[in-house]
Amino acid sequence: MLSHLRTIPLLPLLGAAYLILVGRHHSRRAVHHIACMAVGAALVVSADAFFFGLPALVKEGGLTDVVGTWFASGDLRVDLALRMDALSGLMCLVVTLVGTLIHIYSTGYMAHDKDYARFFAYLNLFCGAMLLLVLGDNLPVMFIGWEGVGLCSYLLIGFWYGETANASAGKKAFITNRVGDLGFLIGMFLLFRAAGTLDIPALLDTARGGGAVLTATLWWGQPVAFWAALFLFFGAAGKSAQIPLYVWLPDAMAGPTPVSALIHAATMVTAGVYMVARLGAMYLLAPAALAIVAGVGALTALFAAVIALGQNDFKKILAYSTISQLGFMFVGVGTGNFAGGIFHLFTHAFFKAGLFLCAGSVMHALGGSGDITRMGGLAGKLPWTTWVFRVCWLAICGVPIFSGFFSKDAIVAGAFATEVFGPRLAWVSPTVGAGLLAAALGTAFYMSRLYYLVFTGECRADTRGHLHESPIEMVGPLVVFGLGAFLAGMAGLPPAVGGSRADLIGHWLAPAVGPPLEVSSGFEWRMMVASTVIALAGIGLARLFFGGGAREPARRFVAALPRLVAVVRSKFFVDEIYQWLVVRPLRGLSRGLFVVVDRILIDELLVGGWTFLVDTIGRFLRLVQVGDVQRYLAIFAMGLAALVYVMARPAAPSELKIRIEGRSAVVELGDREATSGKLDYGFDFDGDGREDRSGPSPNATWSYTRPGRYRLRIRVTDPQWSTARTIERTIDIR
Amino acid sequence: MTDLTLTVLIPLLGAVVVIATPRGDRTSRPIGIVVALVSLVQSLLILRAFDKSIGAFQLETDRPWVPALGIHFHLGVDGISLWLVLLTTLMVFLTLLSPQAMGLHKTRSREFIVAMLVLETGMLGTFLAIDLFAFYVFWELMLIPMYFIIGIWGGERRLYAAIKFVIFTLVGSLLMLAAILYLYAQVHAVTGQWTFDYATWATITLPRGPELLCFLAFTLAFMIKVPLVPLHTWLPDAHVEAPTGGSVILAAVLLKFGAYGFLRFALPFFPLAAQQTAPIIAWLAVAGIIFGALMAWVQDDVKKLVAYSSVSHLGFVVLGILVLSDKGIQGGIFQMLAHGISTGGLFLAVGILYDRRHTRQLADFGGLWKKVPVLGACFLVLVLASAGLPGLCGFVGEFLVLSGTFTAGKDWRASGLSSPMFGHPALLAGLAATAAILAAVYLLTMYQRVMFGPLDKPENRDPQVRDLGLRERLVFGVLVLAALVMGVAPQPILERTAASVQALTASYRDRLAEAHANPDGPARRVIPGQRPARPTTAQAERARPSR
Amino acid sequence: MPTYAYILVSLALFFVGTAGVLLRRNALIVLMSVELQLAAGTLALLAFSRALGDQKGHVFAFFVMALAAAEAAVGLAIVVSVFRTRRTANLDDVNALKG
């Protein structure tokens, strides 16, 4: 171990910062050297940490690196902490390896782009953010990476911002991700409220210990763990393009192809799967949440595979294929088969990145077009690309000995064999398993359709004259991915094939995500045979339909079911439905609120109402303001007289005591002036209007004949000025 | 050099010096910039002298002002005002430094600088005053230069906007004045002293009815400033018409006074009334968060869009303060600072666009990144900071406020608050969190329409649309750096606010418990900590909502 | 002569002056009426001063006279300037303060 874990994300981040600040002034060579070195160095450091830290990774829960407190307030404390354990170490290697290869590939692919430095700055930034996501030891740090990769995705999809469509696609990706991030945030808050911490190891310890705080019922009879898992999965669905938030990924193909390979196939979109696996122990506390994860995964796998059947854009097909494969991975983690899900993530990173890079190579050769109806017969023209594509194609179809076969099989067999759902939800397991088998058939079919339409038959491209294989910096990474797609499956051979120690990945991940799922040997063999049959059937069917270009059966099929084909081609109108159900109503509502509530109700009526009121009163008052000093003076004189009269009244007695003694009432006015003898008092005790007592004395007594309520009126007169004041009281005589 | 009187007086003296210079900005602008810089440096010295372990006021300076009425020129700084003072001096400095501060008006720049410096004095005094009379004087002092800044250097409807701004603010502050005078008398009745001293006032508990009225008077003044929906309509007008510098200061600093005053005065003076009305204010805050975001989405004018986004962002601050936990209040304070940086910067960026293109309509822009890459990059960072991207300044405040609100029920029980401030905190947090989506929607839409897309309008291709100059780069460099540093290392800020916030919440809880124990009593003095005010376990148990 | 006689004369003068101020429309006459009111006040001061054997009243009488002179000067100046601009000294025509 040569250095801290923090250097791993820091290297690409520094590279990005440098390139953003001064990259424009450097030559292309300098730019790509800096960018590739930054990621390559991160790969070296990761490998160094991984292999030197092997014992710690396996036994002690991993290496940690605490940079410092990020923020702390009250009982919330979030450290900038990184951790490399078995799972994050593996992810880290995948990310840096794929990242480095794609950086190298990009030097060829983007060679003629004028925003070279900006592109590599974004790529570096992405790698840094992705590594933060992977290595983050607590959920908020993970969230930095989580949103950071979303940002980079936004920037890179809209890299060619001159086209409004590209910029809009980037925005759509970011906003859809944000919708998911809301779930991530709420999931975090739920966990924090329940467990009082956001550190992943602490949360997992709580969960593994049975976690009473996590299994306490929260809403609608479901435990905290269920809701937290559900909200976090919503976040994962956003990032990993699952139903209902998958819509951004096909549009994301507007970005440069290396970006699609790195971000939208191999790394970022797998973050959701990674997160669920990372928090596996918590998910295991909530079988219902796992069932939802698995169900959504299977549904997405199938749905996206169906849509992929009807697409004609090279990259769009791969995008739907990615969505579908991510569904497979979610079924893996959703059936408690975390190692299986991560294994597929691992192999998928190779074959899907390989496929995208082949797409890039093909489009590079054809001058940028991705329409597969205008390709064909490229096998001879682009030999390296074709061979790599063949390997990756067979891998994704699940043909035996290729990597995808083992990882897909691990998931499908696990889906049938799992017991994680418990007796009440046991039906989920065969349902998702069957869904996956159907999706696998679809996968084999649409991928083979892609292969046959692009690489076999007659060349239908306009530029067939000067087709050329890509330069070495593009072919090199391609070949590496091809090898990976071929061999990566060896890392996770099922026990039935290679013996009990063959499942390297499963055993490797065991300390992080628990032991691999047990599948009986016989069942495993049967599943493998079934998968092989399905894969070959799909390929065979596709060959029948599209071998060497669209054939008669394909045309007949389209003619027979035009409606169905149209619906599939237009992706089941999901984008349009979202547009009409969510975006437009919300925007209409906002416009309405702005005009009706903000402008009219608040500004015109509430604010304007007050000003109108004040204005109206003012208009009336100005009638008094005649501008004639003499009238003012007259009013002034009258006012003065009134004031003098009021002020000259005898002061109110400072003390008025009324005592009731039996049937008599005794009134005493404790007045400073009362004793001066200058005032005259009159007392009307029974309220009949006549004064019963009067004279200079401020005190009086009166005996009532009957009990009852009486009105007592006292008059105080100043005879000198003839001013008077009266005081009234009500008294009860019993 | 850490005398707070100096802090307040430096800009004022600077203003006097600037008046004496000849017309135009040849000499007045350098002097103004230097004065603002001195002010900034002096506030940094205060930051250095500040002791983060003390929750009470520090570096106090107390001079009799009008002894006959018990008025003191009493200033002090604590963790709540410390960073706001720094924000003020920084933003005034940056505003004076940036060439676009006066908008398209190029005349009377000397007077503009004078107005800015007087405004700075008013703002700093308001943050630092701990004598209610001095506070009120500074509070009103801010109004005058801002009125002139909008009214003289503003856009077409500047007079309408300036008068609207003044009347809205005055309505609130005059009611507050009435409440201040009432309290002045009550303080005398209880303590026998004629005093405006903050610490004394914060120990007086009023009878219920007057407490509620006084609270409403104070709160109205503050909520207009925030602004809380539905008291916000002055804001878009003021922002749109104000010159760039006015908008920047208005957004970055002036809006903070609402939340600051609420936290500093309304809560400690009227604990029970605050609790009674907290549900209404909390819902209004959340309504404002969502409403402001939706309004921002449909604006065609960039400045109006940013103005409405302020309404949305400051709702978080109010919500955080009402939560009354360390997380909530510290998050609220942090959000104020972050909003100052990000929205202040956004207004500056919009001002530069306006300077180059003489329009603020979104439809008139498009594809500008090609022309102004440096501005585009800085603008993007500020947009993302405003949208609350983790790693930039906007995230920490929002995260703390939301997590504080979400876990509020638990925190209230744990801290011994006798009854909850408002119901359904988790629901409110969830609703408020949707603003994260909406912020991305309106900010990125705005950004895209300005910077992305084809560069197809001839006006946008004009060579006059040039990238940032040296001084502008400096200004944006500082802002972007601040946004980054605050996002990555917010802890130095948070740890300096912690002690004061804890002291404030602890005393609030004590006084609230006393008020609950003695709900209809007369005006009285309760000195927190001198009586066992924390409710007993039995009371706390009773207050716990039954499941 | 008894004091009340002086007071009665003073009262009469004051009311004559007040009536003039309130009812006459010519600015010059109004000014003269104001002088009458001031004279009434002076007379009352002197009368009380003599009755009480105190000299303060006399001092105040001088103050009032000085004040009257100043008031007449300023008032006449205003009237003259109003007459110059408006060609009238009629108070009904001078209503620039009308709301």
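Residues numbered from 1 in each chain as written. Chains lettered and ligands numbered in written order. Predicted model: local features only at pLDDT ≥ 70, side-chain atom pairs only at ≥ 80, totals over all residues.

Novice: Help me understand the overall build of chain B, please; the structure alone is not making it clear to me.
Specialist: The helix and strand tally for chain B stands at 22 helices and four strands. By the compact-globule yardstick of 24 Å for 547 residues, chain B fits well, its C-alpha radius of gyration being 23 Å. Projected onto the principal axes, the alpha-carbon positions of chain B cover approximately 75 × 55 × 40 Å. Put simply, chain B has 547 residues, and 61% of those count as buried. Excluding contacts between residues fewer than 6 apart, the proportion of contacts in chain B whose partners are at least 24 apart in sequence is 80%. (Helix = DSSP H or I, 4+ residues; strand = E, 2+ residues; numbered from the N terminus. Rg over C-alpha atoms; globule rule 2.2 N^0.38 Å. Buried ≥ 20, exposed ≤ 12 C-beta atoms within 10 Å, placed from the backbone. Contact = placed C-beta atoms within 7 Å.)

Novice: Before we go on, may I ask you to explain the overall build of chain C in this structure?
Specialist: Along the backbone of chain C there are three helices and zero strands. Each helix and strand of chain C, placed in order from N terminus to C terminus, yields the pattern α-α-α. The C-alpha radius of gyration computed for chain C amounts to 16 Å, which surpasses the reference 13 Å derived for 99 residues by more than 25%, pointing to a less compact arrangement than a globule. Each principal axis of the C-alpha atoms in chain C carries an extent, and together these give about 50 × 25 × 25 Å. The buried share among the 99 residues of chain C stands at 11%.

Novice: I would appreciate a short explanation of the sheet that holds strand β6 (residues 664-669) of chain A in the present structure.
Specialist: The strands that make up a sheet pair up through hydrogen bonds in the backbone, lying either parallel or antiparallel. Residues and elements named next belong to chain A. One open sheet holds the three strands; their spatial order is β5-β6-β9, and the pairing between them is antiparallel. Taken across any chain shown, the strands that pair with only one partner, and hence form the sheet edges, are β5 (656-661) and β9 (699-703). Across the sheet, the mean angle from the axis of one strand to that of its neighbour is 15 degrees, orientation sign disregarded. (Pairing = 2+ DSSP bridges. Axes fitted to C-alpha atoms, helices over the stretch in contact; angles between N-to-C directions.)

Novice: Sorry, what's going on with the interface of chain A and chain B here?
Specialist: It is common to give the size of an interface as the accessible area that goes away when the parts come together. Taken together, the 41 residues of chain A in the interface contact 44 residues of chain B. When contributions to the side of chain A that touches chain B are tallied by element, the ones reaching two or more residues are β1 (63-73), α6 (139-157), α7 (164-195) and α27 (574-621) of chain A. Ranked by residues supplied to the side of chain A that touches chain B, first place goes to α7(A) with 14 residues. In terms of residue class, the side of chain A that touches chain B is made up of 24 nonpolar, eight polar and nine charged. (Nonpolar A, V, L, I, M, F, W, Y, C, P; charged D, E, K, R; others polar.)

Novice: Sorry if this is basic, but what is going on with α27(A) here?
Specialist: Three or four residues apart is the spacing at which side chains of an α-helix point the same way, because the helix has 3.6 residues per turn. Along its length, α27(A) shows its largest kink, about 40 degrees, at A:G608. Burial analysis of α27(A) places just two of its 48 residues in the buried class, a small minority of the element. (Bend = angle between axes of the 7 residues up to and from the residue.)

Novice: How should I be thinking about the pairing of β1(A) in this particular structure?
Specialist: Here is the key point about a regular strand: its side chains alternate between the two faces of the sheet. Residue and element names in this part refer to chain A. Here β1 runs beside strand β2 (residues 76-84); their pairing, made up of nine bridges, is antiparallel. Directly across from L63, in β2, lies its bridge partner M84. In textbook terms, the turn of a hairpin is the stretch between consecutive antiparallel strands, and for β1 and β2 this stretch comprises two residues, one of which, G74, has a positive phi near 60 degrees.

Novice: How should I be thinking about the environment of A:E518 in this particular structure?
Specialist: Locating A:E518 in the fold gives a position in the loop between α23 (504-513) and α24 (521-546). When the C-alpha atoms of A:E518 and A:A413 are compared, they prove to be 9.8 Å apart, with 105 residues separating the residues in sequence.

Novice: Can you walk me through the environment of A:V597 in this structure?
Specialist: You can see A:V597 is positioned in helix α27. Judged by C-beta crowding, with 16 C-beta atoms within 10 Å, A:V597 ranks as partly exposed.

Novice: Can you walk me through the sheet that holds strand β7 (residues 680-684) of chain A in this structure?
Specialist: Residues and elements named next belong to chain A. Within the open sheet, the four strands sit side by side as β8-β7-β10-β11. Their pairing is antiparallel. Each end of this open sheet is capped by a strand with a single partner; those strands are β8 (693-695) and β11 (723-733). Taking each pair of neighbouring strands and ignoring which way they run, the sheet shows an average axis angle of 10 degrees. Alignment of β7 against strand β10 (residues 708-718), held across five bridges, turns out to be antiparallel. Among the inter-strand pairings, G682 is bridged to a residue of β10, identified as R715.

Novice: Honestly, unusual backbone geometry in this entry has me stumped. Any pointers?
Specialist: Going from B:V226 to B:P227, the amide bond is cis rather than trans, its omega being -5 degrees. One can find B:P227 in the loop between α8 (208-225) and α9 (234-241). A cis amide bond links B:V229 with the next residue in sequence, B:P230, at an omega value of 5 degrees. Mapping B:P230 onto the fold places it in the loop between α8 and α9. Unlike most non-glycine residues, A:K571 shows phi in positive territory, near 55 degrees.

Novice: Hey, could you run me through the packing of helix α17 (residues 338-366) of chain A against helix α21 (residues 472-487) of chain A in this one?
Specialist: Two quantities define a packed helix pair, namely the angle between the helix axes and the distance between the axes. Residue and element names in this part refer to chain A. Contact geometry for α17 and α21: axes closest at 8 Å, N-to-C directions at 150 degrees. Taken together, α17 and α21 sit at an angle that is classed as roughly antiparallel. Both α17 and α21 take part in a crossing whose hand is left-handed. On α21, the residues that touch F350, F351, A353, G354, L357, C358 and S361 of α17 are M474, P477, L478, F481, G482, G484 and A485. (Parallel < 35°, antiparallel > 145°, perpendicular 65-115°, else oblique. Left-handed = near helix turned anticlockwise from the far one by under 90°.)

Novice: I keep staring at the packing of helix α15 (residues 373-386) of chain B against helix α20 (residues 470-488) of chain B and nothing clicks. Help me out?
Specialist: Residue and element names in this part refer to chain B. Remark: α15 packs on α20, axes separated minimally by 10 Å, with the N-to-C direction vectors making an angle of 30 degrees. When the interaxial angle is binned, α15 and α20 end up roughly parallel. Note on packing geometry: the crossing formed by α15 with α20 is left-handed. Between α15, through V374, C378, V381, L382 and A385, and α20, the contact on the second element is made entirely by R473, F476, L479, V480 and A483. Class assignment for the residues of the contact of α15 with α20 results in nine nonpolar, no polar and one charged.

Novice: What is the right way to look at the environment of A:F351 in this model?
Specialist: Residues and elements named next belong to chain A. On the secondary structure map, F351 appears in helix α17. On the basis of neighbour count, F351 is assigned to the buried category, with 32 C-beta atoms found within 10 Å. C-alpha of F351 to C-alpha of F486: the two residues are 135 residues apart in sequence and 8.1 Å apart in space. The contacts of F351, once residues within four sequence positions are left out, are C392, A395, I396, S403, G404 and A485.

Novice: What is the right way to look at the arrangement of the chains in this model?
Specialist: Ranking the two pairs of chains in contact by contact count places chains A and B at the top. Contact between chain B and chain C is absent, and the minimum C-alpha spacing across the pair is 21 Å.

Novice: Help me understand the confidence of the model for chain C in this model?
Specialist: One rule of thumb: low pLDDT means the predicted coordinates there are not for detailed reading. Taken over all residues, the pLDDT of chain C has a mean of 89, while the share at 70 or more is 97%. Our summary of model confidence lists the complex with pTM equal to 0.85 and ipTM equal to 0.88. (pLDDT = per-residue confidence, 0-100.)

Novice: Sorry if this is basic, but what is going on with the confidence of the model for chain B here?
Specialist: All names here are of chain B. Per-residue confidence for chain B averages 89 on the pLDDT scale, and 96% of its residues sit at or above 70. The element-level mean pLDDT for chain B is lowest in helix α22 (residues 537-543), coming to 42, with helix α3 (residues 79-97) highest at 94. In this model, residues 532-547 is a region of pLDDT below 50 whose contacts with residues beyond four sequence positions or in other chains number 16 contacts.

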